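Listed here are the chains, written in short residue letters.
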Amino acid sequence: MQAQHVPRLYGFTALLALLGLTAVLSLTLGARSVPWAEVWAGMTGQIDSIGAAAVAVRLPRTGLALLAGAALGLAGAVMQGISRNPLADPGILGVNAGAALFVVIGIAWFNISGAQSFLWLGIAGAALTAVFVYLIGAGGQGGATPLKLTLAGTATSVAVSAFIIAVVLPRNDIAGSVQSWQVGGVGGARFDTLLPALPFAAVGLLLCLASARVLNALALGEELATGLGQSVALGRLMAAAGAVILCGTATALCGPIGFVGLVVPHLCRMIAGVDYRLVLPLSALAGASMLGLSDVLGRLIARPNELDVGIVTAFVGAPFFIWTARSFRMRGL
Amino acid sequence: MIALPFATLPPLRRPGVRLVLSLLAALTFGAFALTLSCGRGCLSPEQVLLALTGAPGAEGAFVVAELRLPRSVLGLLAGVSFGLGGVAFQTMLRNPLASPDIIGISASAGAAAVFAIVILSLDGWLVSLVAVAAGLGVAVLIWALSARGGGAGARLILIGIGVSAMLDSVTAYLLLEAPAWDRAEAMRWLTGSLNGAQLTQALPVAGSLLLFGGLLACTARNLEVLRLGDDTAEALGVNPDRTRLRVTLAAVGLVAIATAATGPIAFVAFLSGPIAARLLPGSKGLLWAAGLVGAVLVIVGDFIGQFLLPARLPVGVVTGAVGAPFLLYLIIRVNKNGGAL
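The structure presented is a predicted model; accordingly, all values stated were derived computationally and were not measured. (Residues numbered from 1 in each chain as written. Chains lettered and ligands numbered in written order. Predicted model: local features only at pLDDT ≥ 70, side-chain atom pairs only at ≥ 80, totals over all residues. Heavy atoms only, no water.)

This part takes up the overall build of chain A. Within chain A, the secondary structure is distributed over 15 helices and zero strands. Against the compact-globule benchmark of 20 Å for 333 residues, chain A has a radius of gyration of 20 Å, which places it among compact chains. Judged by the C-alpha coordinates and their principal axes, chain A covers about 65 × 55 × 35 Å. With 333 residues in all, chain A has 55% of them scored as buried. Total accessible area on chain A stands at roughly 13400 Å², and carbon and sulfur atoms take up 69% of it. Averaging the positions of the 17 positive and the 11 negative side-chain charges in chain A gives two centres separated by 10 Å. (Helix = DSSP H or I, 4+ residues; strand = E, 2+ residues; numbered from the N terminus. Rg over C-alpha atoms; globule rule 2.2 N^0.38 Å. Buried < 20%, exposed > 50% of the residue type's maximum accessible area, 1.4 Å probe, protein only. Areas by Shrake-Rupley, 256 points an atom, 1.4 Å probe, with all protein chains shown as cover. Lys, Arg positive; Asp, Glu negative; His and termini not counted. Charge placed at Lys NZ, Arg CZ, Asp CG, Glu CD.)

Below you can see the structure in the form of structure tokens.
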């Protein structure tokens, strides 16, 4: 046991350090690089230089990127555990797209506004899509094979995107804002839209982290899990509810972002092995870092423009998806 | 389908194939004629003919000759290209899921076309050339990446989906780099659209249909033999690798050039083959039937998107909304029949 604790400790420390570095980079880098003194001024609210003002804008943005990243990374790990499928990811399975559709319909047809309602809509959309995709992908022989789940998710995403376009295109008044949101970006973050999301994120986080034991048991196979005294159905439901809440919240805040939930759990499994009690918290940390760093990258590549973070994660994550599909026998799944 | 020793079987089937093909051709022509004569308002066939022949002062001459004709011609040619290219891939890889729009060939052609237009400031034939080169490159890449295990199994399709996602993000990035473009133009490259079609755009597509369609037609018989398996094909004097190379070249060329003109119209390549296969009694004539089905899908889809819905939508949105449920149906059917996907 002693031997196992060392890499765990290293893993956590390294990821925490990475998270801190991400936050610092996210505050300092961008269209304008800001020196340290002005970063501090911006953070404490003394906005008397352009640099300090930039930092004051980047502060909620960084918070949003880290929060959404943690949510997506954790949700991805839980989804991979529930479906016992190495390619599960909230973006690939269409869950984020479903959440986006509900939010868009809410804006376009029912004139809904306000962060709180967007969150509820996003969670409802994510839940419905997750159930739909899983029912189609998991039926029949062989259960939820990676190919069937991925195809069901892809088909659902295409249908949902077509629907979103059909809803948005005739509405010139909202088209611009919805289209930039739909790519997945954290650029428009403000503290007053971020705050209402915190309780949702906390509930989702707790549900997911609490389901680590069930996921561990599930990894051994459903029968064995039941034999070990786990209430598999209830545990699964709880874990899925947590993941769906996290996906819906993240999507309502910054649009559908894919591949974070795919890449991060695999990396964490490489560091920490297959125990979900470790993989889940590590995935949250690493997810936050990945989305934060992707956002910084997006700001630097397209200077002085900005590249939406959803584009960056897709570009970084898709090769990883290919690699996973190629090797197929990743650790422990 | 191995040739049976009964001399009576083929003659019984042939009329069926011919009948289906002529019905499809009639349907295609009907759809084409409909889009020429009807729009916001309808013209009689004589009026359309007068307008097309350029009779001075003909009623609706501008609408028919300048607006509707280029759109219908481009839709027809692109639809045939997508249908042919799609069914060629599906037949060669023996998997309905292995169509160019699912495994990333269309996405690569679209991304390359946007790159050529936005970054390199090219136009016309050169854009098509870049799109074909990118399509071939990605085809080789997917091939190489999925080579372990061989065939068009789950791995090839999953890798294709990954490549698609990556290239779509490239397209999104490039569109961001071109802020002067209006949203309609961007929509073309995201979902595929015939908006603002011009006859000059149809020229490369027509050329590619002649060239690559001809190549595909020459290889069609060998492709048919390849369905029996590599060993049988070789025994019958068909070189499997050379056949595959030719079919790949032809199919990528067709799909890439059509994509460079209209954008990646969602799921037309994926839908045409399976629909045609359900209409035909056997596998004979599948190639041509799929081409015609593709044309009908694009023309009718564009008409629906333009006039039959509450808002004007690009054709790719309509075909995407039709194709996605079909893909789901395919998965459910495999679930029921107990096949492995």
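Facing 41 residues of chain B, the contacting portion of chain A comprises 44 residues. Between chain B and chain A lies a buried interface of about 3600 Å² when both sides are counted; carbon and sulfur atoms form 76% of it. The interface formed by chain B and chain A holds zero salt bridges in total. Scanning the region where chain B abuts chain A turns up zero residue pairs in polar contact (both at pLDDT 80 or more). (Contact = heavy atoms within 4.5 Å. Buried area = accessible area lost by both parts, 1.4 Å probe. Salt bridge = Lys/Arg side-chain N within 4 Å of Asp/Glu carboxyl O. Polar contact = N/O pair within 3.5 Å; in protein donor to acceptor, adjacent residues only side chain to side chain.)

Positive phi is not limited to glycine here, since A:Phe259 has a value of about 75 degrees. Here A:Phe259 is to be found in the loop between α12 (232-254) and α13 (260-272).

Turning our eyes to something else, we now look at the pattern of salt bridges. Here the idea is simple: oppositely charged side chains can pair when their charged atoms come close. In this structure the tally under the stated criterion is seven salt bridges over all chains. A salt bridge links B:Asp302 to B:Arg71; the shortest N-O distance between them is 2.7 Å. Separated by 231 residues along the polypeptide, B:Asp302 in helix α12 (residues 286-308) and B:Arg71 in helix α3 (residues 61-93) bring together distant segments of the chain. Residue classification places B:Asp302 among the buried positions, given a relative accessible area of 5%. Ionic pairing is found between B:Arg244 and B:Asp241, a salt bridge with its closest N-O pair at 3.3 Å. In this pair, B:Arg244 and B:Asp241 both sit in helix α10 (residues 240-262), three residues apart, roughly one turn of the helix. On the basis of relative accessible area, B:Asp241 is assigned to the exposed category, the value being 56%. Members of the salt-bridge network, linked through shared partners, are A:Arg61, A:Asp295, A:Arg299 and A:Glu306.

All names here are of chain A. A contiguous nonpolar surface patch, about 360 Å² in accessible area, is contributed by Leu267, Met270, Ile271 and Trp323. Top element by residues in the nonpolar patch is α13. It accounts for three residues. Looking at the secondary structure, you find Ile271 in helix α13. (Patch = residues over 30% accessible without salt bridge, like charges linked within 9 Å, V, L, I, M, F, W, Y side chains within 5 Å.)

Time to look at the confidence of the model for chain A. Residue and element names in this part refer to chain A. This prediction gives chain A a mean pLDDT of 83; 92% of its residues lie at or above 70. Of all secondary-structure elements in chain A, the lowest mean pLDDT belongs to helix α7 (residues 172-183), at 69, while helix α9 (residues 197-210) reaches the highest, 91. The model gives residues 329-333 a pLDDT under 50, and that stretch makes 16 contacts with residues more than four places away or in other chains. (pLDDT = per-residue confidence, 0-100.)

Inspection of every chain in the model, using the stated rule, returns one disulfide over all chains. Paired by a disulfide, B:Cys38 and B:Cys42 hold their sulfur atoms 2.0 Å apart. The disulfide joining B:Cys38 to B:Cys42 has a torsion of about 110 degrees about its S-S bond and is therefore right-handed. Since its relative accessible area comes to 14%, B:Cys38 is described here as buried. For B:Cys42, a relative accessible area of 54% corresponds to the exposed category. For the unlinked cysteine A:Cys247, the closest cysteine sulfur is that of A:Cys208, found at 8.3 Å. Take A:Cys247: its relative accessible area is 0%, and that puts it in the buried class. (Disulfide = S-S within 2.5 Å.)

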